[in-house]
Amino acid sequence: MTIRVVLLGAVHPGSGPDAKMRGLADTFTDLGCAVSLTLVPPDRRAVRTLQRALQTEHTTAGSAPNSAPAGTAPGRTAPADTTPFGTAPGETAPDVVLARSHWALPPLIPSLRRLRHRHGTRLVIDVPTPTAAGMREIAGSSRPWPERAGRLGIEGAWIPSAWPWADLVVQYDRDGLPWRLIAPRRRLTLTNGVRVADRPLAPDWASRTSMAFVTAGSIGQWHGVDRLLRGMSAAQEHGSTLTIVGDGPELGRLRSLTSRLGLDDRVRFTGPLTGAAYDRELAAADITVASLGEHRRGHSSLSPLKTRDYLARGLPMLFAGDDPDLRGNPPFTFRAPDDDSAIDLAAVATWLQHLRGAATCEAPEADVAPTAIRRFATDHLDQADRARAILTALRLP
């Protein structure tokens, strides 16, 4: 029997969450599921667009695995005039709807409940960040207080109101009170994963002598990029550079700090990049930079998508915090202290020099070579394992 999976999400195009949802769709397809994906920008039309997609997506019973709904290309939204799930003769409703937890999800719950009641459809809600951490992040932001109050209400009450109706709530870590009491027996702890094989290997760092840092994403204060800037300012002799790929609320402050520290000639802001342009920037990295300030939102556990992306490319990485997948302290990662201290570039330089010596040695068992880092990602960070775990938890073959 072909399992029918529908994925829904309100995400910014080209963002990490967008890539995660698309990767999940491809991964379920690889596992033999019939998959349909609907992603919309998180704007005022998000609820209406997702509702329309939920009402109109369908698949024909007996269609081949990996097929999209009739008249729909894989990974696209079904046309608006298609038949609602399971209403035409010989058609079936989805077995699973996987939706990203977001303010646009609660209005969809009545439709999702009808699907469950009529067809037994299972609902999986993917919660990208523990709510307790999100609440601390909003409370500590620089937004005006009225805006913060509204966002706190949405994050702490409105978004979790959808969770009691889920058959499975997926998070990368245990949430704080009271949110971990919602559907406690229907929780699945899964760290994030990526499709490792889709990432190009970036092996050139092992043969270079430079110290070029690259970080990517929607940069917030919890990413702690300022710690690296202060470390670069204190250790000018290392000639390090930093490329910041992406956007985010912290960029203005980081630009100002870069100028104050006299680092304008060593720090570059590219803005958001995708595709080949993004791949080029990552290929030029000697060290990638993950989150360095998770402690700032009162949470040390993290599971960033970019961490998985970097390692899938075979790149060494600087990070801080407690990533469950990196608790063994693999030698190709440098873990900085979980505080606001400047990054110790002398220690990072020594570590990188050692890595390069080990990565270029003749011993085939060298465990820090780019191919070894990628192999680690395949074994521990691949999205296929996460998709299988969801199907297993739902008792689907």
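Keep in mind the model is a prediction, meaning the values are calculated, not measured. (Residues numbered from 1 in each chain as written. Predicted model: local features only at pLDDT ≥ 70, side-chain atom pairs only at ≥ 80, totals over all residues. Heavy atoms only, no water.)

Details of the pairing of strand 10 (residues 241-247)
The test is simple: To sort residues, take the accessible area from a 1.4 Å probe on protein chains only and compare it with the maximum for the residue type: under 20% means buried, over 50% means exposed, and anything in between is partly exposed. Counting from the N terminus, the helices are DSSP H or I runs at least four residues long and the strands are E runs at least two residues long. Two strands are said to pair when DSSP picks up at least two bridges between them. With the strands pointing away from the viewer, any crossover whose connection runs clockwise from the first strand over the helix to the second is right-handed.
Most of strand 10 sits inside the fold, with five of its seven residues counted as buried. Where strand 9 (residues 212-218) and strand 10 come together, seven bridges link them in parallel fashion. Among the inter-strand pairings, Thr 215 is bridged to a residue of strand 10, identified as Ile 244. Taken together, strand 9, helix 6 (residues 225-234) and strand 10 form a β-α-β motif whose crossover is right-handed. Alignment of strand 10 against strand 11 (residues 267-271), held across four bridges, turns out to be parallel. Looking across to strand 11, one finds that Ile 244 is bridged to Phe 269.

A word on the sheet that holds strand 13 (residues 317-319)
Stated formally: Helix axes are fitted to C-alpha atoms over the stretch in contact, other axes to C-alpha atoms as well, and angles between N-to-C directions run from 0 to 180 degrees.
Strand order in the open sheet made by the six strands is 11-10-9-12-13-14, with parallel pairing throughout. Where the open sheet ends on each side, the last strands, each with one partner, are strand 11 and strand 14 (333-335). Within this sheet the neighbouring strands show an average axis-to-axis angle of 25°, counted without direction. Pairing analysis gives three bridges linking strand 13 to strand 14, with the strands arranged parallel. Bridge assignment links Leu 318 to a residue of strand 14, and that residue is Phe 334.

Quick look at the confidence of the model for the protein chain
Note the following rule: Confidence scores per residue from the predictor, reported as pLDDT, run from 0 to 100. Residue contacts follow a heavy-atom distance rule, with two residues in contact if any of their heavy atoms lie within 4.5 Å.
Averaged over all residues, the pLDDT of the protein chain is 87; the fraction at 70 or higher stands at 89%. Segment residues 58-90 is flagged for pLDDT under 50; beyond a separation of four residues in sequence, or across chains, it makes 78 contacts in the model.

Some thoughts on the environment of Pro 337
Along the chain, Pro 337 falls in the loop between strand 14 and helix 10 (345-359). C-alpha of Pro 337 to C-alpha of Ala 320: the two residues are 17 residues apart in sequence and 6.2 Å apart in space.

Points about the pairing of strand 5 (residues 96-100)
Summarising burial for strand 5: five of the five residues are buried, a large majority. The pairing of strand 5 with strand 6 (residues 122-126) spans five bridges and is classified as parallel. Within the sheet, the bridge partner assigned to Val 97 lies in strand 6 and is Leu 123. For the segment spanning strand 5, helix 3 (residues 109-119) and strand 6, crossover handedness is right-handed.

Digging into the pattern of salt bridges
Formally: Between Lys or Arg on one side and Asp or Glu on the other, a salt bridge is scored when a side-chain nitrogen of the former is within 4 Å of a carboxyl oxygen of the latter.
Considering all chains together, one arrives at 24 salt bridges under this definition. Taking the shortest distance from any N to any O, the salt bridge between Arg 151 and Glu 147 comes out at 3.2 Å. Of the two residues, Arg 151 and Glu 147 both sit in helix 5 (residues 145-158), four residues apart, roughly one turn of that helix. Across the salt bridge formed by Arg 327 and Asp 322, the nearest N and O atoms sit 2.7 Å from each other. Put simply, Arg 199, Asp 279, Asp 309 and Arg 313 are held in one network by salt bridges that share partners.

Points about unusual backbone geometry
The omega angle of the peptide bond from Leu 177 to Pro 178 is 0°, so this bond is cis rather than trans. Here Pro 178 lies in the loop between strand 7 (168-171) and strand 8 (187-189). Positive phi is not limited to glycine here, since Ala 183 has a value of about 50°. Mapped onto the fold, Ala 183 is located in the loop between strand 7 and strand 8. Phi is positive for Asn 329, which is not a glycine, with a value near 50°. Tracing the backbone through its elements, the reader meets Asn 329 in the loop between strand 13 and strand 14.

Overview of the packing of helix 1 (residues 16-30) against helix 12 (residues 383-393)
Applied cut-off: The scheme is simple: roughly parallel for angles under 35 degrees, roughly antiparallel for over 145, roughly perpendicular for 65 to 115, oblique for anything else. Each residue is assigned to one of three groups, with Ala, Val, Leu, Ile, Met, Phe, Trp, Tyr, Cys and Pro labelled nonpolar, Asp, Glu, Lys and Arg labelled charged, and all others, Gly among them, labelled polar.
Relative orientation of the contacting elements helix 1 and helix 12 amounts to 70°, with a least axis distance of 9 Å. Viewed along their axes, helix 1 and helix 12 adopt a mutual orientation that is roughly perpendicular. Only Gln 383, Ala 384, Ala 387, Ile 390 and Leu 391 of helix 12 make contact with helix 1, whose side of the interface consists of Lys 20, Gly 23, Leu 24, Thr 27 and Phe 28. Broken down by class, the residue content of the contact of helix 1 with helix 12 amounts to six nonpolar, three polar and one charged.

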